[in-house]
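An overview of the molecular structure
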Amino acid sequence: MSTRSKIPATIVTGFLGAGKTTLIRHLIENAGGRRLALIVNEFGDVGIDGDLLKGCGIDTCPDENVIELANGCICCTVADDFLPTMEALLAREPRPDHIIIETSGLALPKPLVQAFAWPSVKTLATVDGVIAVVDGAALAEGRVANDPEALDRQRAADTSLDHEAEVDELFEDQLACADMVIVTKTDLLDAAGLARAHAAIAPELRPATRVIEAAGGKVDPAVLLGIGAAVEDDIASRPSHHDGTSEEEHGHDAFASFVVELPDGMSPDDISRRITAAVADHPIYRVKGFVSVTNKPMRLVVQGVGPRLQQHFDRPWGAGEARRSRLVVIGAQGLDAGAVATALGGRTAA
Ligand SMILES: Nc1nc2c(ncn2[C@@H]2O[C@H](COP(=O)(O)OP(=O)(O)OP(=O)(O)O)[C@@H](O)[C@H]2O)c(=O)[nH]1
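Residues numbered from 1 in each chain as written. Predicted model: local features only at pLDDT ≥ 70, side-chain atom pairs only at ≥ 80, totals over all residues.

**Looking at the overall build of the protein**
Helix and strand counts for the protein stand at 12 helices and 13 strands. Counting the 350 residues in the protein, one finds 47% classified as buried. Considering only residue pairs separated by 6 or more positions, the protein has 81% of its internal contacts joining residues 24 or more positions apart. (Helix = DSSP H or I, 4+ residues; strand = E, 2+ residues; numbered from the N terminus. Buried ≥ 20, exposed ≤ 12 C-beta atoms within 10 Å, placed from the backbone. Contact = placed C-beta atoms within 7 Å.)

Written out as structure tokens, the structure is:
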């Protein structure tokens with residue numbers, strides 16, 4: 001048994017586009033000297049979130065402390081990807097003070113918590129808390145995280161699948177596992193919208209779960225870290241729709257993901273118009289990526305969550321960096337990659 005104290009780890013879960021990366025970015029920037037290590041998992045195989053979290057220029061969170069796991073959903077690859085990564089991280093000197101794990105928006109948090117009961121991890125680390133991030137604006141509009149009309153069109157086209165049930169179950173699992181819930185995007189909400197968002201999550205919460213509101217991910221790290229829940233010892237009190245199911249039955253088959261490569265010369269307005277049209281016509285939950293705009297030295301970050309779209313230039317393209325324009329698209333199973341790529345004015349990347 002190690003005489004050293006266990007390293008606390010915080011699992012940040014939440015549906016696609018809820019605001020996990022934004023919350024973690026603020027946390028890194030305000031970590032107050034704590035040495036943080038991040039494990040970032042994405043459903044698609046292009047690491048957008050990891051890239052956004054790297055290069056934040058904070059000494060206590062250098063790039064090598066941001067580890068990307070982009071081979072699919074972390075909850076399905078626990079033994080192959082997550083455990084070896086954790087073991088390597090726990091062997092590092094100096095040890096991190098705290099580990100933050102951002103799951104993909106489609107991940108179930110519980111299998112990840114269970115990994116902390118593995119002997120190689122249990123003696124060295126503990127789950128300090130599970131934080132579920134929920135999209136307050138989407139909840140206020142009466143959608144968990146998706147566009148109900150697009151889903152209805154999809155269901156009409158494919159009656160064998162119940163995508164809404166999959167999304168709802170995932171949402172409920174993420175909330176039922178949480179020690180703390182962050183209701184994001186409150187800057188977009190009035191008091192009535194905020195009340196609707198709270199009402200939508202209330203039935204899913206365990207009695208002790210704290211709910212915090214946030215705009216722009218601004219939550220004091222002292223609130224997020226140090227919950228001390230030792231979640232791996234309390235797993236039985238966190239019900240899941242997927243208890244007793246195998247990895248194949250987690251329901252990720254209900255989702256599709258691909259990358260669209262855009263040609264040079266598209267303007268931010270072109271891209272915005274095209275994404276808006278594609279989201280209106282196809283069951284797309286999430287679009288995100290980096291775009292090279294002609295004659296602009298800066299990289300354009302494109303973020304779509306359901307019908308809501310944001311763009312900003314984040315940093316100059318590096319000297320030796322290929323200026324590629326690539327968007328990750330995540331949607332319901334059966335999403336027509338070719339048709340979406342055409343609607344976006346590009347082609348699917350190999
Ligand atoms: N207006 C507003 N936008 C927000 C807020 N938090 C996040 N966003 C935006 O929502 C979009 C998604 O935010 P992310 O932080 O990338 O969400 P995520 O949960 O990490 O997304 P995935 O990893 O793809 O599941 C981005 O365009 C953010 O700028 C907020 O508090 N207010």
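Once the structure has been displayed, the description carries forward.
**Topic: the nonpolar core**
Membership of the largest hydrophobic core comes to 97 residues, with the highest contact counts inside it found for Leu38, Val130, Ile131, Val181 and Ile182. With 7 residues, strand 5 (residues 125–135) is the largest single contributor of residues to this core. Taken domain by domain, the makeup of this core includes at least three residues from each of domain 1 (7–250) and domain 2 (252–348). Apart from the residues within four sequence positions on either side, Leu38 is in contact with Ile24, Leu53, Asn65, Val66, Ile67, Ile100 and Glu102. (Core = buried A, V, L, I, M, F, W, Y, C linked by C-beta atoms within 7 Å. Domains from an automatic or database assignment.)

**A closer look at the UniProt feature "domain: CobW C-terminal" (unreviewed entry) in the protein**
The sites that UniProt annotates as "domain: CobW C-terminal" (unreviewed entry) are residues 255–348. Segment residues 255–348 splits into 23% helix and 45% strand. End C-alpha atoms: 17 Å apart. (UniProt positions renumbered as here; feature names shortened; annotations may be inferred.)

**Points about the sheet that holds strand 7 (residues 210–213)**
The sheet built from 7 strands is open, its strands ordered 3-2-4-1-5-6-7 with parallel pairing. The sheet is open, and its two edges are formed by strand 3 (66–69) and strand 7, each paired on a single side. Ignoring strand direction, the axes of neighbouring strands in this sheet form an average angle of 20°. In this structure, strand 1 (residues 7–13) lies alongside strand 5, joined through 7 bridges in parallel fashion. Residue pairing across strands places Pro8 opposite Thr126, the latter belonging to strand 5. Those strands touched by helix 1 (residues 20–29) are strand 1, strand 2 (36–41), strand 4 (98–102), strand 5 and strand 6 (180–184), and its axis lies near 160° from that of strand 4. (Pairing = 2+ DSSP bridges. Axes fitted to C-alpha atoms, helices over the stretch in contact; angles between N-to-C directions.)

**Points about the packing of helix 11 (residues 268–281) against helix 12 (residues 337–344)**
Relative to each other, helix 11 and helix 12 sit at 150°, their axes nearing to 8 Å. Taken as axis vectors, helix 11 and helix 12 run roughly antiparallel relative to one another. Contacts between helix 11 and helix 12 pair Arg274, Ile275, Ala277, Ala278 and Asp281 from the former with Val340, Ala343 and Leu344 from the latter. For the contact of helix 11 with helix 12, a count of residues per class yields 6 nonpolar, no polar and 2 charged. (Parallel < 35°, antiparallel > 145°, perpendicular 65-115°, else oblique. Nonpolar A, V, L, I, M, F, W, Y, C, P; charged D, E, K, R; others polar.)

**A word on the site of the ligand**
The environment of the ligand is made up of 24 residues, and the closest members are Gly19, Thr21, Thr22, Gly105 and Gln303. Going through the elements one at a time, helix 1, strand 9 (284–292) and strand 10 (298–305) are the ones with two or more residues in the shell around the ligand. Here the shell around the ligand is built from residues that sort into 7 nonpolar, 11 polar and 6 charged. Counting only domains with at least three residues in the shell around the ligand, you end up with domain 1 (7–250) and domain 2 (252–348). (Near = placed C-beta within 6 Å.)

**Examining the confidence of the model for the protein**
Averaged over every residue, the pLDDT of the protein is 86; residues scoring 70 or more account for 87%. Per-element mean pLDDT across the protein ranges from 49 in helix 7 (residues 148–157) up to 98 in strand 6. Scoring of the predicted complex yields 0.88 for pTM and 0.99 for ipTM. (pLDDT = per-residue confidence, 0-100.)

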